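Results of the structural survey
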Amino acid sequence: VQLQASGGGLVQAGGSLRLSCAASGRTLSGSAMGWFRQAPGKEREFVAGINWSGVNTFYADSVKGRFTISRDNTKNTLYLQMNSLKAEDTAVYYCAARRNSAEFTGVSIREYDYWGQGTLVTVSS
């Protein structure tokens, strides 16, 4: 499985970006997926998660109310809509998928089996 993240860039504080993560190699319509991010000098952290159907979503407190995770299983693609961006949202954003679980069960990076290469989001203040 390959995950290709895209959509990052430079945006002013208060602006919006939409990240996409396209999967290839196998369908991930039965897999829970998520977004993580890693800022310079910091550990990778959970941002948002979604179950296989898209009905159940989960967010880190730091992004709740500003970010929305969604998926289109017909396109094998995961999305992250980011609004009201802040300087502290600056990071490399990674998409991830679980191999054998349809439901979201936690925020640990160890729960995810497939990872994209990351896309850089820079928010200027």
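Residues numbered from 1 in each chain as written. Predicted model: local features only at pLDDT ≥ 70, side-chain atom pairs only at ≥ 80, totals over all residues. Heavy atoms only, no water.

A few words now on the overall build of the protein chain. Within the protein chain, the secondary structure is distributed over zero helices and 11 strands. Mapped from its N terminus to its C terminus, the protein chain presents α and β elements in the order β-β-β-β-β-β-β-β-β-β-β. For the protein chain, the C-alpha atoms occupy an extent of roughly 40 × 25 × 25 Å along the three principal directions. Looking at the protein chain as a whole, 44% of its 125 residues qualify as buried. Look at the contacts in the protein chain between residues 6 or more apart in sequence, and 58% of them connect residues 24 or more apart. Per element, the accessible surface of the protein chain, about 6,200 Å² overall, is 47% carbon and sulfur. (Helix = DSSP H or I, 4+ residues; strand = E, 2+ residues; numbered from the N terminus. Buried < 20%, exposed > 50% of the residue type's maximum accessible area, 1.4 Å probe, protein only. Contact = heavy atoms within 4.5 Å. Areas by Shrake-Rupley, 256 points an atom, 1.4 Å probe, with all protein chains shown as cover.)

An order of β1-β3-β8-β7 is seen for the four strands of this open sheet, with the pairing classed as antiparallel. Looking at the sheet topology across the chains shown, the edges are occupied by β1 (2–6) and β7 (67–72). Each adjacent strand pair in this sheet contributes to an overall mean axis angle of 15°, direction not counted. In terms of strand pairing, β1 meets strand β3 (residues 17–24) through five bridges, oriented antiparallel. Counterpart to Leu3 in the pairing with β3 is Ala23. (Pairing = 2+ DSSP bridges. Axes fitted to C-alpha atoms, helices over the stretch in contact; angles between N-to-C directions.)

To continue, consider the packing of aromatic side chains. Each aromatic ring pair is specified by the distance between its two centres and by the angle formed by the two planes. This structure, assessed with the given rule, holds six aromatic pairs. On the numbers, 6.3 Å between centres and 65° between planes, the contact of Tyr112 with Trp115 is edge-to-face. You can call Tyr112 buried: its relative accessible area is 5%. Here a set of aromatic residues connected by ring pairs shows up, and it is made of Phe36, Phe46, Phe58, Phe104, Tyr112 and Trp115. A cation over a ring is seen here: Arg18 above Tyr79, with NZ or CZ 4.0 Å from the ring centre. Above the ring of Trp115, the side-chain terminus of Arg44 is found at 5.0 Å from the ring centroid. (Phe/Tyr/Trp six-rings, centres within 6.5 Å; stacked < 30°, edge-to-face > 60°. Lys NZ or Arg CZ within 6 Å of the ring centre and 35° of its normal.)

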